[in-house]
Amino acid sequence: MTATDNAIYVSDKAREKVRQLMQEAGVADDPSYFVRVGVVGGGCSGLSYKLDFDNEQKPMDQVFEDNGVKVVTDLKSFLYLVNTMLDFSDGLNGKGFFFNNPNASRTCGCGESFAV
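Residues numbered from 1 in each chain as written. Predicted model: local features only at pLDDT ≥ 70, side-chain atom pairs only at ≥ 80, totals over all residues. Heavy atoms only, no water.

A. Quick look at the overall build of the protein. A tally of regular secondary structure across the protein gives two helices and nine strands. Order of helices (α) and strands (β) in the protein, N terminus to C terminus: β-α-β-β-β-β-α-β-β-β-β. Counting the 116 residues in the protein, one finds 40% classified as buried. Taking contacts inside the protein between residues at least 6 apart in sequence as the whole, the part at least 24 apart equals 51%. When the accessible surface of the protein is totalled, it reaches about 6700 Å², and 50% of it is carbon and sulfur. (Helix = DSSP H or I, 4+ residues; strand = E, 2+ residues; numbered from the N terminus. Buried < 20%, exposed > 50% of the residue type's maximum accessible area, 1.4 Å probe, protein only. Contact = heavy atoms within 4.5 Å. Areas by Shrake-Rupley, 256 points an atom, 1.4 Å probe, with all protein chains shown as cover.)

B. Broad picture of the environment of Ser48. Within the element layout of this structure, Ser48 appears in strand β3 (residues 47-54). Sequence separation between Ser48 and Gly38 is ten residues; the distance between their C-alpha atoms is 8.3 Å.

C. Main features of the packing of aromatic side chains. Evaluated as defined, the whole model comprises three aromatic pairs. Aromatic side chains Tyr49 and Phe99 sit 4.0 Å apart centroid to centroid with 20° between the ring planes, which places their arrangement in the stacked category. Of the two residues, Tyr49 sits in strand β3 while Phe99 sits in strand β7 (residues 96-100), which places them 50 residues apart along the sequence. Grouping residues by exposure puts Tyr49 and Phe99 together as buried. Seen in terms of ring centroids, Phe88 and Phe97 are 5.0 Å apart; in terms of plane orientation they differ by 65°. Their pairing is edge-to-face. Using a relative accessible area of 22% as the deciding quantity, one classes Phe97 as partly exposed. (Phe/Tyr/Trp six-rings, centres within 6.5 Å; stacked < 30°, edge-to-face > 60°.)

D. Up close: the confidence of the model for the protein. Per-residue confidence for the protein averages 87 on the pLDDT scale, and 89% of its residues sit at or above 70. Ranking the elements of the protein by mean pLDDT puts strand β9 (residues 113-115) last with 65 and strand β5 (residues 69-73) first with 97. (pLDDT = per-residue confidence, 0-100.)

E. Region of the structure containing the sheet that holds β7. Ordered by their spatial adjacency, three strands build an open sheet running β1-β6-β7, and the pairing between neighbours is mixed. Each having just a single partner strand, β1 (8-10) and β7 make up the two edges of the open sheet. When strand polarity is set aside, the average angle formed by the axes of neighbouring strands in this sheet is 25°. Of the pairings in the sheet, the one linking β1 to strand β6 (residues 84-89) comprises three bridges and is parallel in character. Across the sheet, Tyr9 pairs through a bridge with Met85, a residue of β6. Against the sheet, helix α1 (residues 12-25) contacts β1, β6 and β7, and its axis sits at roughly 70° relative to β6. (Pairing = 2+ DSSP bridges. Axes fitted to C-alpha atoms, helices over the stretch in contact; angles between N-to-C directions.)

This is the structure in structure tokens:
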């Protein structure tokens, strides 16, 4: 990954968890489904991440594929997510999905909220 790639990346752990959750949701075999990532106002640091499965692309969506996972975000959210890594932690202090976002000037302790 280089700073000029301007993409959203997916770690190996996140890829495995996404595949597992898609299987549980019954959409793993449907190629129209992808992970939708967004940024919304709120959270203790001002902005929060939103993560869901979706199968409807919108005209201004930005589409990425990394590590075998298709990730889609709206253009406004992508401005906050350039070169961000979607990761997953399942240890004793695991947080579930979290984002390693180089654009965040500060984050909250839970890793679900950030500021730029």
